[in-house]
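Overview (structure and organization)
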Amino acid sequence: MMNAVDLRFALGALAALLFVGVSPSSAFTVPASGRTTRPSRGSAAAATTRLSVKRMPIMMPTQEPMVPYRAPGSTYDQFVGMKTRQLRDRTLWIARYIDDDATNEIISSLLYLQSEDDKKEIKLYLNIPGANLRPSLAIYDALMDLKASG
């Protein structure tokens, strides 16, 4: 049974959590005994509390970074994905293992950029950890075809 002092302590801790914006279920852990009593002032346990802060791990962003972009003739900026922005600048950044799926994506991007303007150059940056032979040769053939036609 909680007395008035314990209830005031618990409500104060809950109010502090809500003020900070932390959910009470994820921020504090209750000891194994299940009791959250406040120690008396004279006891040795008065220096510590039975509630402890449980920090959430820092996570890397899972979304594509967004960058500002102003379309030609527009009066305002809009946020677009970084890959989209680089594609608008005719830049392809390839930083993944080259397999069948990656090959289809790369060749379709190259063909799209050539269809937009076949006189402008396409900047291609590679940071490839490895590749399958046939998909790599397909990309090479597409690059040689673009070079011959442009």
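Before reading on, note that the structure itself is shown above.
From a predicted model like this one, the values you see are computed outputs, not experimental measurements. (Residues numbered from 1 in each chain as written. Predicted model: local features only at pLDDT ≥ 70, side-chain atom pairs only at ≥ 80, totals over all residues. Heavy atoms only, no water.)

Examining the overall build of the protein chain
Tallying secondary structure elements over the protein chain gives five helices and six strands in all. Secondary structure of the protein chain in N-to-C order comes out as α-α-β-β-β-β-α-β-α-β-α. Accessible area of the protein chain: about 12000 Å², with a carbon and sulfur share of 58%. (Helix = DSSP H or I, 4+ residues; strand = E, 2+ residues; numbered from the N terminus. Areas by Shrake-Rupley, 256 points an atom, 1.4 Å probe, with all protein chains shown as cover.)

Observations regarding the layout of surface pockets
In this structure, the largest pocket spans a volume of roughly 400 Å³. Lys83, Gln86, Trp93, Ile94 and Glu105 are, among the 15 residues lining the largest pocket, the residues nearest its centre. Those elements that place two or more of their residues in the lining of the largest pocket are helix H3 (82–88), strand S5 (91–94) and helix H4 (100–116). Looking at the lining of the largest pocket residue by residue, the class counts come to eight nonpolar, three polar and four charged. (1 Å grid on protein atoms, 1.4 Å probe; cavity = no way out; pocket = protein on both sides within 12 Å on 5 of 7 lines; lining within 4 Å. Points joined across faces, edges and corners; volume = space filled by probe spheres on them. Nonpolar A, V, L, I, M, F, W, Y, C, P; charged D, E, K, R; others polar.)

Some words on helix H5 (residues 133–149)
Over its 17 residues, H5 runs 24 Å from end to end, which matches the ideal 24 Å to within 8%, given 1.5 Å per residue. What H5 keeps buried is the set Pro135, Ile139, Ala142 and Leu146. What you see down the axis of H5 is that its buried residues fit within an arc of 60°, all on one side. Summarising the geometry of H5, the exposed residues directed more than 90 degrees from the buried face are Leu133, Arg134, Lys147 and Ala148. Tucked inside the fold, the buried residues of H5 contact H4. (Expected span 1.5 Å × (residues − 1). Buried < 20%, exposed > 50% of the residue type's maximum accessible area, 1.4 Å probe, protein only. Arc of directions from axis to C-beta. Contact = heavy atoms within 4.5 Å.)

Notes on the nonpolar core
Ranked by size, the top nonpolar core spans 11 residues in total: Leu92, Ile94, Ile98, Ala102, Ile106, Ile107, Leu110, Leu113, Ile139, Ala142 and Leu146. Those elements that provide at least two residues to this core are S5, H4 and H5. A total of five residues in this core trace back to one element, the largest contributor, which is H4. (Core = buried A, V, L, I, M, F, W, Y, C linked by side-chain atoms within 4.5 Å.)

Notes on unusual backbone geometry
Located in the positive-phi region is Arg90, a residue other than glycine, with phi close to 65°. Positionally, Arg90 belongs in the loop between H3 and S5. The class for Arg90 is buried, based on a relative accessible area of 9%.

So, the environment of Asp100
Position of Asp100 among the secondary structure elements: in helix H4. For the pair formed by Asp100 and Ser136, sequence separation is 36 residues and the distance between their alpha carbons is 9.0 Å.

Topic: the pairing of S5
Both S5 and strand S6 (residues 123–126) contribute to a ladder of four bridges, which runs parallel. Each residue of the ladder has a partner; that of Trp93, found in S6, is Tyr125. Regarding the hand of the β-α-β motif, the stretch spanning S5, H4 and S6 is right-handed. (Pairing = 2+ DSSP bridges. Right-handed = clockwise from strand over helix to strand, strands pointing away.)

Comments concerning the side chain of Ser109
One can find Ser109 in helix H4. Overall, Ser109 belongs to the buried group, its relative accessible area being 16%. Sequence-distant contacts of Ser109, defined by excluding residues within four places in its chain, comprise Leu87 and Leu92.

Section: the packing of aromatic side chains
Throughout the structure, instances matching the rule amount to one aromatic pair. Taking 6.0 Å as the distance between ring centres and 40° as the angle between the ring planes, the aromatic pair formed by Trp93 and Tyr125 counts as tilted. Placement of Trp93 in strand S5 and of Tyr125 in strand S6 is noted, with a sequence separation of 32 residues between them. (Phe/Tyr/Trp six-rings, centres within 6.5 Å; stacked < 30°, edge-to-face > 60°.)

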